[in-house]
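# Structure at a glance
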Amino acid sequence: MGEMRVDLSELEETVRKLSRVTSAMGDSVTKSQYNTFLPKNALGKGFAEQTDIDSAHTEMKSHIEEVIKVLHELIDDFGTKTKKAHGKYQNAEYDAKHGMDGGRSGSGN
């Protein structure tokens, strides 16, 4: 059976990139909540479609917030799991290099 090898530097780079994406997504969450607000009557008032437009805006704003929240959670979860995987591979690599007994095996002691 072939040997499987994990490139820890690539995994670490993935963790860094995901961290940057998560940070940028935090800005998107904030912007979707506060920078997409449209006050009632901002597009005018007293016309037949006013209620429909206000309702459509509120519905779309909520939808955008939810989509961005789900994306943020997904990326954050993937980043957390990638960090854990990196740590486990790093520990396994250390154990393989140094032996489970601190390098004492085979030393004649």
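Quick summary incoming for the structure in this document. Quick caveat, the model's predicted, so the values are computed rather than measured. (Residues numbered from 1 in each chain as written. Predicted model: local features only at pLDDT ≥ 70, side-chain atom pairs only at ≥ 80, totals over all residues. Heavy atoms only, no water.)

Moving on: the overall build of the protein. Helices and strands together make up the secondary structure of the protein, namely two helices and zero strands. Looking at the protein as a whole, 14% of its 109 residues are labelled buried. Across the protein, contacts joining residues at least 24 apart in sequence account for 80% of those joining residues at least 6 apart. For the protein, the computed accessible surface area is about 8,700 Å², with 55% contributed by carbon and sulfur atoms. (Helix = DSSP H or I, 4+ residues; strand = E, 2+ residues; numbered from the N terminus. Buried < 20%, exposed > 50% of the residue type's maximum accessible area, 1.4 Å probe, protein only. Contact = heavy atoms within 4.5 Å. Areas by Shrake-Rupley, 256 points an atom, 1.4 Å probe, with all protein chains shown as cover.)

Let us now look at the packing of helix H1 (residues 8–34) against helix H2 (residues 50–98). Look at H1 against H2: their axes get within 9 Å of each other, and the N-to-C directions meet at 160°. When the interaxial angle is binned, H1 and H2 end up roughly antiparallel. Handedness of the crossing formed by H1 with H2: left-handed. Tallied by class, the residues present in the contact of H1 with H2 amount to 15 nonpolar, eleven polar and six charged. (Axes fitted to C-alpha atoms, helices over the stretch in contact; angles between N-to-C directions. Parallel < 35°, antiparallel > 145°, perpendicular 65-115°, else oblique. Left-handed = near helix turned anticlockwise from the far one by under 90°. Nonpolar A, V, L, I, M, F, W, Y, C, P; charged D, E, K, R; others polar.)

Turning our eyes to something else, we now look at a nonpolar patch on the surface. Together, Leu38, Leu43 and Ile53 make up a nonpolar patch on the protein surface, roughly 230 Å² of accessible area in all. Looking at the element boundaries, Ile53 is found in helix H2. Accessibility expressed as a relative area gives 33% for Ile53, which makes it partly exposed. (Patch = residues over 30% accessible without salt bridge, like charges linked within 9 Å, V, L, I, M, F, W, Y side chains within 5 Å. Salt bridge = Lys/Arg side-chain N within 4 Å of Asp/Glu carboxyl O.)

With that settled, the discussion passes to the side chain of Lys61. Here Lys61 is to be found in helix H2. Its relative accessible area of 13% is what places Lys61 among the buried residues. In this structure, Lys61 is in contact with Ser32, Gln33, Tyr34, Thr36 and Phe37, ignoring residues within four places of it in sequence.

Let us now look at H1. Quick reminder: α-helices carry 3.6 residues per turn. Residues three or four places apart thus point the same way. Across its 27 residues, H1 extends 39 Å between first and last C-alpha, which sits within 8% of the 39 Å expected from 1.5 Å per residue. Looking only at H1, the buried set comprises Leu8, Leu11, Val15, Leu18, Thr22, Met25 and Ser32. Packed against the buried residues of H1 are H2. (Expected span 1.5 Å × (residues − 1).)

On to H2, then. End to end, H2 covers 72 Å across 49 residues, agreeing with the expected 72 Å (1.5 Å per residue, within 8%). Every buried residue of H2 is listed here: Gln50, Asp54, Lys61, Ile68, Ile75, Gly79, Thr82 and His86. Summarising the contacts, the buried residues of H2 are in contact with H1. In the segment just after H2, Gly99 is the residue with positive phi, at about 80°.

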